[in-house]
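# Report on the structure
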Amino acid sequence: IFTALHEEGKEDLPNIGPKLRAQLEKVGIHTPEELKAVGGREAWLRILGTDPSACMLRLQSLEGAARGVPKKELDATVKEELRAFYRRHKPGAGR
């Protein structure tokens, strides 16, 4: 699981702190490999289903983690795609 891997220092995904790690585990994503397999967008949708406060920064964090990069290193094209995805799926985010 993420927590055990993090504590043992075997895996340290960028952007994934204790709160986000707990949310991932709550929605059935327990390992870095599972996150990479489902992708950041699907992981975010699962979290949004349990936490309506899931925000754009969380989406960027998950996408970066799934790609193995800090969210600030996502390129402009990916960030724009994520903004469009967010607007499509987040209630009240504007269409």
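For the structure, check the block above.
Reading guide: rules and limits
- Residues numbered from 1 in each chain as written.
- Predicted model: local features only at pLDDT ≥ 70, side-chain atom pairs only at ≥ 80, totals over all residues.
- Heavy atoms only, no water.
- Helix = DSSP H or I, 4+ residues; strand = E, 2+ residues; numbered from the N terminus.
- Buried < 20%, exposed > 50% of the residue type's maximum accessible area, 1.4 Å probe, protein only.
- Contact = heavy atoms within 4.5 Å.
- Areas by Shrake-Rupley, 256 points an atom, 1.4 Å probe, with all protein chains shown as cover.
- Core = buried A, V, L, I, M, F, W, Y, C linked by side-chain atoms within 4.5 Å.
- Polar contact = N/O pair within 3.5 Å; in protein donor to acceptor, adjacent residues only side chain to side chain.

## Quick notes on the overall build of the protein
The helix and strand tally for the protein stands at 5 helices and 0 strands. Counting from the amino terminus, helix and strand elements in the protein follow one another as α-α-α-α-α. Buried positions account for 38% of the 95 residues belonging to the protein. If you take every contact in the protein between residues at least 6 apart in sequence, the share linking residues at least 24 apart comes to 47%. Within the structure as shown, the protein displays about 5200 Å² of accessible surface, and the carbon and sulfur contribution to it stands at 53%.

## Section: the nonpolar core
Formed by 22 residues in total, the largest nonpolar core has its most connected members in Ile16, Leu24, Leu35, Trp44, Ile47, Leu59 and Leu62. Counting residues per element, the ones that place at least two in this core are helix H2 (18–26), helix H3 (32–50), helix H4 (56–67) and helix H5 (76–89). Aside from chain neighbours lying at most four places away, what touches Leu59 is Gly40, Arg41, Trp44, Leu82, Phe85 and Tyr86.

## With respect to the side chain of Arg58
Structurally, the position occupied by Arg58 is in helix H4. The class for Arg58 is buried, based on a relative accessible area of 12%. Within the structure, Arg58 has its side chain in polar contact with the side chain of Gln23 (distance 3.2 Å). A distance of 2.9 Å separates a polar atom in the side chain of Arg58 from a polar atom in the side chain of Asp51.

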